Amino acid sequence: MIGSILIGTPFRFLASLSFLMFAGYCVYFDNKRRNDPDFKKKLRNRRRHGQSGTSTPTGGAVHLSEKDIETYFMTQIQKGEGLISSGDIEGGVDHLINAILVCSQPSKLLQVLQSTLPMEIFTMMLVKMHALESSERSSPVIVDDDGINALE
């Protein structure tokens with residue numbers, strides 16, 4: 001019983017000291033934040049830039065016509081087919097996924113790709129698309145730099 005009291009006392013002391021240090025840290029930086037004259041300006045600017053909607057990595061919104069999307073779609077299909085035929089399967093799959101993402105009827109395109117691609121490549125594409133879909137829930141999808149440049 002005496003041993004548990006002696007072990008518990010230093011633990012309580014360290015826990016209390018840690019809490020007090022954390023609280024002091026919070027109070028110090030809160031005070032520093034409140035006394036900063038530019039804080040509200042910086043906060044407003046961050047909120048404005050964060051609410052700009054769909055944007056490219058450069059910050060500007062992209063407005064595309066159907067012709068631009070169709071051109072991008074065909075370019076991605078051609079690049080994907082070319083890379084797969086030359087042996088760069090992962091690069092080709094990435095381009096095919098980009099084409100599927102902008103396709104107006106992705107289920108029909110997937111059926112065509114399933115019938116034309118070898119099963120290993122089609123399966124790899126589905127796995128990558130699933131990973132992309134699950135990461136999409138946590139962050140927005142950004143098309144690769146080549147695709148953005150082709151669209152602009």
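Refer to the structure above for everything that follows.
Small disclaimer: the values here were computed from a predicted structure and weren't measured.

1. Considering the pattern of salt bridges
Logical step 1: Applying the stated rule across the entire model yields four salt bridges.
Logical step 2: We note a salt bridge from Asp30 to Arg34, for which the minimum N-O separation is 2.9 Å. Here Asp30 pairs with Arg34, and both are found in helix 1 (residues 2-34), just four residues apart, close to one helical turn.
Logical step 3: Owing to a relative accessible area of 28%, Asp30 belongs among the partly exposed residues under this scheme.
Logical step 4: Assessed through its relative accessible area of 59%, Arg34 is described here as exposed.
Logical step 5: For Lys128, the salt bridge is made with Glu90, and the minimal N-O distance between the two is 3.9 Å. With Lys128 in helix 6 (residues 119-136) and Glu90 in helix 4 (residues 89-102), the pair connects residues that are 38 residues apart, well separated along the chain.
Logical step 6: Among the ionic contacts, a cluster of salt bridges with common partners joins Glu90, Asp94 and Lys128.

2. Some thoughts on the nonpolar core
Logical step 1: One finds Phe73, Ile77, Leu96, Leu109, Leu113, Leu117 and Met125 to be the most contacted residues of the largest nonpolar core, which totals 15 residues.
Logical step 2: Those elements that provide at least two residues to this core are helix 3 (66-86), helix 4, helix 5 (106-116) and helix 6.
Logical step 3: Per element, the largest residue contribution to this core is five residues, and it comes from helix 4.
Logical step 4: Once residues within four sequence positions are removed from consideration, Leu117 is found in contact with Ile84, Leu96, Phe122 and Met125.

Each value, and the rule that gives it
Residues numbered from 1 in each chain as written. Predicted model: local features only at pLDDT ≥ 70, side-chain atom pairs only at ≥ 80, totals over all residues. Heavy atoms only, no water. Salt bridge = Lys/Arg side-chain N within 4 Å of Asp/Glu carboxyl O. Helix = DSSP H or I, 4+ residues; strand = E, 2+ residues; numbered from the N terminus. Buried < 20%, exposed > 50% of the residue type's maximum accessible area, 1.4 Å probe, protein only. Core = buried A, V, L, I, M, F, W, Y, C linked by side-chain atoms within 4.5 Å. Contact = heavy atoms within 4.5 Å.

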